Amino acid sequence: MYKLILKLAWKNSFLRRSRTLLVIIMIAVSMSMMLAIEGIYDGMVENMVDKNKRSDSGDISIFAKEYRINKDLAYMIKNADEIKAQIENMQGAQAVVLRVKAEGLLSTARKSSFASVVGIDLQAEERFGKFSEFLKEGSIDLQKQGAIVGIELAKTLKVGVGSKVVFSTQDIRGEINSIALYVRAIVQTTNISLDNSAIFIDINQLHKFLGTDSKNAMQIAIRGEDKELYGKLKIAFANLDVKSFLELQPMIKQMQDLMIIFNSVTFLIVMGVVFIGIFGVMYVSILDRVREFGIMISVGMHYKYIRLQIFLESIVIGVLGYLSGAVLGAVLLTYLEHYGIDLSAFSDALATWGYEAVIYATIKVSYFTTTLGAIMAASIFSVIIPLRKIKKLNPIEVIKAEK
Amino acid sequence: MFKLAFKNILFYKGRSIATAVLTFVSTMLFILYISLQDGSHNSMLENSLKIYTGAIEIYRKDYRDIGGNEYLIQDVKAITDKLEKIDAIEEYSPRYETYGLLSNKEYSAASMVAGIEPNKEKLLSSLESALIEGSFLDEGSANCIYIGAELLKKLKLGIGDEVAFIGSASDGSFAADMFKVCGVFKTGSFEFDSSTSFVARSYFDELMNAKNRASYITLKLKNIEDADKVNEQIISMLDDENLESLTWKTLMKSMVEIMEIDAVFGYISLSLFMVVIFFVIMIYGFVNVSSRIKEFGVLRCIGLSKRNIFLLLFYEIALLSIFATLLATPIAAYICYYYNINPIVIDGIADMYKDYGIVSDEIPFDYNLFTIGWNVGVIYLLNFLSILYPYMYINSFRPIEATRHV
Amino acid sequence: MSKIILIVFIFMLDLAADEAHEIIKKLDENFRGKNIYMKLNMKIVSMGHERVMKMQSYSQGTKKSFVKIIYPPKDEGITFLSLDREMWQYVPKIERIIKIPPSMMLQKWMGSDITNDDMVKQSSIVEDYEPKIIKREGSVVTIELTPKENAPVVWGKITLNIDTTTYTSHKDIFYDEEGKEVRYFIYKDVKKVGNYYIPTYWRVQSSDTEGRYTEMILEEVEYDTKISEEYFTKSALKRFSK
């Protein structure tokens, strides 16, 4: 019996080929466009988040309690190296790095500018966030007073790879001290604060220059996706300032929230209209066959089978539409994931806000699963009203009546 | 044909209602979405502009790139005399900006200290309305300084406190004075509030030897949309290759570009909606037509030409579209108009987005008849396109075949 | 035989290098003595208009110096103190002592073409640069100073044209890293004061802009006199302002 119903449903769907095809195309095009847009938007945000985490705060950062308000050399985390070792042993901690920072003046023969010097351990940073991927020019090497400069800072000072710069600041004794640095590379992290004012040097060199104890640090950055890690760290280091990524970057959190709202609204509107489309087609299709159904009922077919058949017809269209949409969408997303959208015409503005000129999409399984659910729901709900009509049919009158 | 179209619409109620409703919805969506987008962009721009940047600013060439006393405007009066003649300029004021050190006991901070004409600034910028403590400047303010909230914090100052200023005058000579904190402002832009402060020119000019000199002249126009036109007027009137006159579009280039990007994405999303709606309208049209094959066949047999069939379809969709848009457009337009005058206020949005430069809680809609016009035009276009495929479908049947169609 | 020539050759090179060092040292001494008092006239010219300042300067060695402005009247009494690499300023008009932050160190000193940093880092020529003789014309030796490895100085190189009869330079040129001229000093009217020689006319000019320069004329100069240590304390800023 059920096999028969299925066969009937399948055949009926293709009774009016053009009609069915149109609906399938509609679903496919709308779905793939929507997926592409979602992918790009999510891609934008994720890219920003990723770059930010890798270049600066990680998933969690730890500072001395007063440091974020007053970035003074006095506020360092004591025994940061021990703390680092401790964290590395904690479950969920994937990578930990120490950073030393100081603010001062960076100068060349012709120009000078405010800058922040960041002392890093290159190998640790590589493990932490693949630092070498930020490279724009030159080679990542901090030996012998080498330095890596943020791209906007390099532009302001008009320096390039091989240039010599002098950084001056107050050291731990309060005296003004200068150090010669040689630009080995220029990086673009799209983290605005870094690109505009950061110069990276070897952490031990910075300790020597500032006269600070190499056991201490300004920042401990941790990468680890374990949700419990944050709680554990907050308890273990209650005397320090433990902050999660979103706490440090509320702007990004808002962007994420905004994207979610936007994508949801788009999704609802699009699925709503798809629903109307399927509804229209099914309604007409069923009403056209009122006579047919009337005959089936009068020959004894139970209403529930007719109901099933109609549901199946709708679902067939929905599934076919979904599959075409999924394939088309997957193709589009894959293309966008690799090649991205090229917005280099706007690259100046994008750079100011920390975006790259080419935006890549992300692909999430949820795109496909939620859409499947929505389309199935649309298919099923779209036939409820027509079904009601069938239920109320008086078979004899229907057969007798002229169309 | 027309009468037939009309009858058909009334007869096939289902399709008519669905198409009309969809068109109505899409028109509203289109108009309101674009209006909201344009409105919020304009508002963002105006608000950020209003803080300090003028609609047009006049500089000596190279001041913006190199800066320094060498590139100051040396004869302000010569320029302002000419500006008086341009009607479209609502207000103008020469500002003298300098960078120096502000110091309170052991706390010092580098700051921009600008000499302004308080009475003009009240009309030109939102400096006065950003006041949160004390009072704004006026011509008799003497050595009062109007300071940003974050800068105040940095220097650990309060109203009535004295702060030392050290800088260099317009001829490079040493300049130092004590200022008194008379007022504090908070514009919401962190950068601005932490590095700028203002003194009345009537006092500052003496100290800085800046009479009749300026870093630039800022202008407010009666209508910001005329910026480009008025700018050309100014350039030709000034007739001096050492001066440059720039509109806000250049001055705030990065913000303008971000909004363009935002608009691009907005249009992409909007086109998604339009595509979906287009398909659905087409499907309804098609379904309707495909169930009338027999009818069309008969019509063809009695002599109606293909062209007439096309006209019939055309009139049907035209009537429906016009009906729907005639309903939707005034309603949408009115909503735009209303919210243009009374913007939606979401408290706290300014705080949240202050890093983006959003300083106001208001979200106004844009009321622009031209925009609404082309929006509706696009809707019509889509609707008319939607009959193409059904029309082709009808023609794929030969008339006799059609009359026998089930 | 060849070995001897080699040894002699190396010896000569050493000598030459040594000579450059010697010359630089003597040049430096001429500017400094053990301590030095100067009364200076400074004229700053830019864009067609001039400004004149007069000041008295007391320095000891390479790390301590005290300057007092005596003209024009509106700036009279402003004093500067630099100890090691820190600098303070006292402004009588506002009765405040201000510590000059590192950010202002590279600003022009009082609007001239000399930076605050210049005033304070006078010593670094000997410490931070390696001298080499590149030309000799009569008694004038041209020495090229290249920064020692890792020396925190912004100049790519500096050339000095020194008259070995007086051990004073008549022209110093400062180059950026790429070898382009950025600014130059000209020295004239050398006077002999005691055992020292010092040019009494100095002029510093940026190589990029015309019509902008700073001139200094030494009205009085005394070497190795008794300069009280009191001049090099923070209290001096206010005390000697009058």
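Reading the values: the criteria
Residues numbered from 1 in each chain as written. Chains lettered and ligands numbered in written order. Predicted model: local features only at pLDDT ≥ 70, side-chain atom pairs only at ≥ 80, totals over all residues. Helix = DSSP H or I, 4+ residues; strand = E, 2+ residues; numbered from the N terminus. Rg over C-alpha atoms; globule rule 2.2 N^0.38 Å. Buried ≥ 20, exposed ≤ 12 C-beta atoms within 10 Å, placed from the backbone. Contact = placed C-beta atoms within 7 Å. Axes fitted to C-alpha atoms, helices over the stretch in contact; angles between N-to-C directions. Parallel < 35°, antiparallel > 145°, perpendicular 65-115°, else oblique. Left-handed = near helix turned anticlockwise from the far one by under 90°. Nonpolar A, V, L, I, M, F, W, Y, C, P; charged D, E, K, R; others polar. Core = buried A, V, L, I, M, F, W, Y, C linked by C-beta atoms within 7 Å. Domains from an automatic or database assignment. Expected span 1.5 Å × (residues − 1). Pairing = 2+ DSSP bridges. Arc of directions from axis to C-beta. pLDDT = per-residue confidence, 0-100.

Caption draft 1: Main features of the overall build of chain B. For chain B, the helix and strand inventory stands at 16 helices and 12 strands. Its C-alpha atoms give chain B a radius of gyration of 31 Å, clearly above 22 Å, the size a compact globule of 406 residues would have. A principal-axis box enclosing the C-alpha atoms of chain B has dimensions of 100 × 45 × 30 Å. Out of the 406 residues belonging to chain B, those deemed buried represent 40%. Long-range pairs, those at least 24 residues apart, make up 81% of the contacts in chain B with a sequence separation of at least 6.

Caption draft 2: Layout of the overall build of chain A. Scanning chain A for helices and strands turns up 16 helices and 12 strands. In terms of overall dimensions, chain A is more spread out than a globule: its C-alpha atoms have a radius of gyration of 31 Å, far above the 22 Å expected for 403 residues. Projected onto its principal axes, the C-alpha coordinates of chain A cover approximately 105 × 45 × 30 Å. Evaluated residue by residue, chain A yields a buried proportion of 42% over its 403 residues.

Caption draft 3: Highlighting the interface of chain C and chain B. Across the boundary between the two partners, chain C contributes 17 residues, which contact 15 residues of chain B. Only strand S1 (35-46), strand S2 (49-60), strand S6 (96-99) and helix H2 (102-105) of chain C provide two or more residues apiece to the side of chain C that touches chain B.

Caption draft 4: The arrangement of the environment of B:Asn143 in detail. Residues and elements named next belong to chain B. Along the polypeptide, Asn 143 turns up in the loop between strand S4 (131-134) and strand S5 (144-148). For the pair formed by Asn 143 and Lys 82, sequence separation is 61 residues and the distance between their alpha carbons is 31 Å. Among all residues touching Asn 143, those that are not within four sequence positions of it are Asp 177, Met 178, Phe 179, Lys 180 and Tyr 203.

Caption draft 5: Quick peek at the environment of C:Ser241. Residue and element names in this part refer to chain C. Within the fold, Ser 241 resides in the segment after helix H5 (234-239). We classify Ser 241 as partly exposed; it has 16 C-beta atoms within 10 Å. Each C-alpha atom of the pair Ser 241 and Asp 163 lies 38 Å from the other, and the pair is 78 residues apart in sequence.

Caption draft 6: Region of the structure containing the packing of helix H1 (residues 2-13) of chain A against helix H12 (residues 303-339) of chain A. Residues and elements named next belong to chain A. Here H1 crosses H12 at 50°, and the two axes come no closer than 8 Å. Between H1 and H12, the angle falls in the class oblique. Here H1 and H12 pass one another in a crossing that is right-handed. Where H1 approaches H12, its residues Ile 5, Leu 6, Leu 8, Ala 9, Trp 10, Asn 12 and Ser 13 are matched on the opposing element by Tyr 305, Leu 308, Gln 309, Leu 312, Glu 313, Val 316 and Ile 317. Per-class residue counts for the contact of H1 with H12 are 10 nonpolar, three polar and one charged.

Caption draft 7: Focus on the nonpolar core. Residues and elements named next belong to chain A. Formed by 78 residues in total, the largest nonpolar core has its most connected members in Ile 77, Val 149, Phe 167, Ile 199 and Ile 220. In terms of residue count, strand S2 (residues 95-107) provides more of this core than any other element does, seven residues in total. With sequence-adjacent residues up to four places away left out, Ile 199 is seen in contact with Leu 106, Ala 115, Val 117, Ala 147, Val 149, Leu 153, Phe 167 and Leu 181.

Caption draft 8: Up close: the domain arrangement of chain B. As assigned here, chain B comprises domain 1 (2-49 + 255-403) and domain 2 (54-248). The centre of domain 1 of chain B, based on its C-alpha atoms, is set 49 Å off from the matching centre of domain 2 of chain B.

Caption draft 9: Examining the domain arrangement of chain A more closely. Residue and element names in this part refer to chain A. Looking at the assigned domains, one finds that chain A contains domain 1 (2-52 + 252-400) and domain 2 (65-239). Counting from both sides, the interface comprises six residues of domain 1 and, opposite them, four residues of domain 2. Grouping the constituent residues of the side of domain 1 that touches domain 2 by class yields two nonpolar, two polar and two charged.

Caption draft 10: Main features of helix H2 (residues 17-57) of chain A. Taking 1.5 Å of rise per residue, 41 residues should cover 60 Å, and H2(A) covers 57 Å from first to last C-alpha, within 8% of that figure. At the C-terminal side of H2(A), A:Gly58 shows a positive phi close to 65°.

Caption draft 11: Expanded view of the pairing of strand S6 (residues 162-168) of chain B. Residues and elements named next belong to chain B. Counting buried positions over the seven residues of S6 gives six, a clear majority of the element. Looking at chain direction, strand S2 (residues 89-104) and S6 are connected through three bridges and run antiparallel. Within the sheet, the bridge partner assigned to Leu 101 lies in S6 and is Ile 166. As paired strands, S6 and strand S7 (residues 174-185) are joined by seven bridges and run antiparallel to one another. In the sheet register, Gly 167 faces S7, and the bridge partner there is Ala 175.

Caption draft 12: How the structure looks around helix H3 (residues 80-88) of chain A. Residues and elements named next belong to chain A. Within H3 the residues assigned to the buried category are Ala 80, Ile 83 and Ile 87. One side of H3 carries all its buried residues, which in axial view fall inside an arc of 60°. For H3, exposure combined with an orientation more than 90 degrees from the buried face picks out Glu 82, Ala 85 and Glu 88. Those residues of H3 that are buried are in contact with S2 and strand S9 (219-223).

Caption draft 13: Here's a closer look at the confidence of the model for chain B. Here chain B averages 83 in pLDDT, and 93% of its residues register 70 or above. Reported confidences for the modelled complex are a pTM of 0.73 and an ipTM of 0.73.

Caption draft 14: Structural view of the pairing of strand S9 (residues 216-221) of chain B. All names here are of chain B. Most of S9 sits inside the fold, with five of its six residues counted as buried. Sheet topology places strand S1 (residues 56-60) next to S9; four bridges connect them, and they run antiparallel. Note that in S9 the partner of Ile 58 across the bridge is Ile 217. With six bridges connecting them, S2 and S9 associate as antiparallel partners. Considered in S9, the bridge of Ser 93 is made with Thr 218.

Caption draft 15: A look at the packing of H2(A) against H12(A). Residue and element names in this part refer to chain A. Where H2 meets H12, the axes come as close as 7 Å, and the angle between the chain directions of the two elements is 35°. Once H2 is placed against H12, the crossing between them reads as right-handed. Only Ile 317, Leu 320, Gly 321, Tyr 322, Ser 324, Gly 325, Leu 328, Gly 329, Leu 332, Leu 333 and Leu 336 of H12 make contact with H2, whose side of the interface consists of Thr 20, Val 23, Ile 24, Ile 27, Ala 28, Met 31, Ser 32, Leu 35, Ala 36, Gly 39 and Ile 40. Partitioning the contact of H2 with H12 into residue classes produces 15 nonpolar, seven polar and no charged.

Caption draft 16: Expanded view of unusual backbone geometry. The linkage connecting C:Tyr71 with the following residue, C:Pro72, adopts the cis geometry, with an omega of 5°. Assignment of secondary structure puts C:Pro72 in the loop between strand S3 (64-71) and strand S4 (79-83). Phi is positive for A:Lys130, which is not a glycine, with a value near 50°. Mapped onto the secondary structure, A:Lys130 falls in the loop between helix H4 (122-129) and strand S4 (135-138). Under the C-beta neighbour-count criterion, A:Lys130 is labelled exposed, with 11 such atoms within 10 Å.

Caption draft 17: Layout of the confidence of the model for chain A. Within chain A, residue pLDDT values average 84, and 96% of them lie at 70 or more. The secondary structure element of chain A with the lowest average pLDDT is helix H13 (residues 347-352) of chain A, at 67, and the one with the highest is strand S8 (residues 198-202) of chain A, at 93.

Caption draft 18: Molecular detail of the environment of A:Ile192. Residues and elements named next belong to chain A. The topology assignment puts Ile 192 in helix H6 (residues 192-197). Taking the C-beta count within 10 Å as the criterion, Ile 192 has 16 such neighbours and is therefore assigned partly exposed. A C-alpha to C-alpha distance of 67 Å links Ile 192 and Phe 293, two positions 101 residues apart in sequence.

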